[in-house]
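Notes for the structure review
In case you want the letters, here they are:
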Amino acid sequence: MNKGLLFVISGPSGAGKGTIYAQIIAKTDMKRSVSVTTRKPREGEVEGVNYFFRTEEQYQQMIAAGEFLETAEVYHNLYGTPKAPVFENLKNGYNVLFEVDVHGVKSIKKKYPEAVAIFVMTPDFKTLEARLRARGSETEDSLKTRLGAARRELSEYKLFDYIVFNDEIEPAIEEVLDIITAEKRRIKNNEERIKALLKEEE
Ligand code: 5GP
């Protein structure tokens, strides 16, 4: 059996990465990773489904115990990807998909260079601003912060293997699915299967 592949989706807040991520998890048999966070649950969020919600102290203990593949502070809260379930899934041949911020991508690439990183962006910054405004939850200040962060995130483009411009959501989801298929079909990701074929009786 081939080892599973690790995909990471990232991009600025408002670009649609969360929607794309959720749709791909729903449409494929890829395994997701449930992150740990110190952020308080939002209405409707479920422990173990959206996140594992932990106190700052519990989180620090997990860091000390080396339980994270990566951890980052995003807008004053800590977020991290637990290591063990990811490696277990990859070992068992499952493809894994994460959604993390750009710092998370950097740490994952450092620890696991084979990870395939996909950046989700709007066609331009004007559209990003319009989408953030349409959410209605941003103050002028937090809007400015997010737009500034978006520029800094995009300037880290060299970390990424692919970029998807999310103009309309359905084609953007299709593009991410195409990227996943292309990666699965790489010769280097199929060597064991090919060798097994070659060993079959003529
Ligand atoms: P939210 O609080 O809206 O659920 O997430 C805020 C940000 O944290 C998003 O940009 C999301 O991508 C990022 N995030 C969620 N989980 C993780 C994680 O495990 N690691 C990192 N580095 N970022 C995460």
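Everything discussed here concerns the structure shown above.
These numbers were taken from a predicted model, which means no experiment stands behind them. (Residues numbered from 1 in each chain as written. Predicted model: local features only at pLDDT ≥ 70, side-chain atom pairs only at ≥ 80, totals over all residues. Heavy atoms only, no water.)

**Digging into the sheet that holds strand β8 (residues 116-121)**
Pairing is parallel across the open sheet formed by 5 strands, whose spatial order is β2-β7-β1-β8-β9. Only two strands of the sheet have a single neighbouring strand rather than two, namely β2 (31-32) and β9 (162-165). Here strand β1 (residues 6-10) runs beside β8; their pairing, made up of 4 bridges, is parallel. Residue pairing for β8: I9 is matched across the bridge by I118. (Pairing = 2+ DSSP bridges. Helix = DSSP H or I, 4+ residues; strand = E, 2+ residues; numbered from the N terminus.)

**As for the side chain of T38**
Here T38 is to be found in the loop between β3 (36-37) and β4 (52-53). Taking the relative accessible area as the measure of exposure, T38 reaches 11% and is therefore buried. Of note is the side chain of T38, whose polar atom sits 2.9 Å from the backbone nitrogen of L78. Leaving out residues up to four positions away in the same chain, T38 has contacts with R54, T55, E56, Y59, N77 and L78. (Buried < 20%, exposed > 50% of the residue type's maximum accessible area, 1.4 Å probe, protein only. Polar contact = N/O pair within 3.5 Å; in protein donor to acceptor, adjacent residues only side chain to side chain. Contact = heavy atoms within 4.5 Å.)

**Let's talk about the environment of V176**
Inspection of the secondary structure assignment puts V176 in helix α7 (residues 169-184). Overall, V176 belongs to the buried group, its relative accessible area being 0%. Sequence spacing of V176 and V120 is 56 residues, and the spatial spacing of their C-alpha atoms is 9.2 Å. Those residues in contact with V176 that lie beyond four places of it in its chain are I9, I20, I24, I118 and V164.

**Describing the pattern of salt bridges**
Following the criterion strictly, the structure yields 13 salt bridges and no others. Salt-bridge contacts for E88 lead to K91; the nearest nitrogen and oxygen are separated by 3.8 Å. Of this pair, E88 and K91 are both found in helix α3 (residues 83-91), 3 residues apart, which corresponds to roughly one turn of the helix. Linking K195 and E191 is a salt bridge whose minimum nitrogen-to-oxygen distance equals 3.9 Å. In this pair, K195 and E191 both sit in helix α8 (residues 191-199), 4 residues apart, roughly one turn of the helix. Among the ionic contacts, a cluster of salt bridges with common partners joins E129, R133 and E140. (Salt bridge = Lys/Arg side-chain N within 4 Å of Asp/Glu carboxyl O.)

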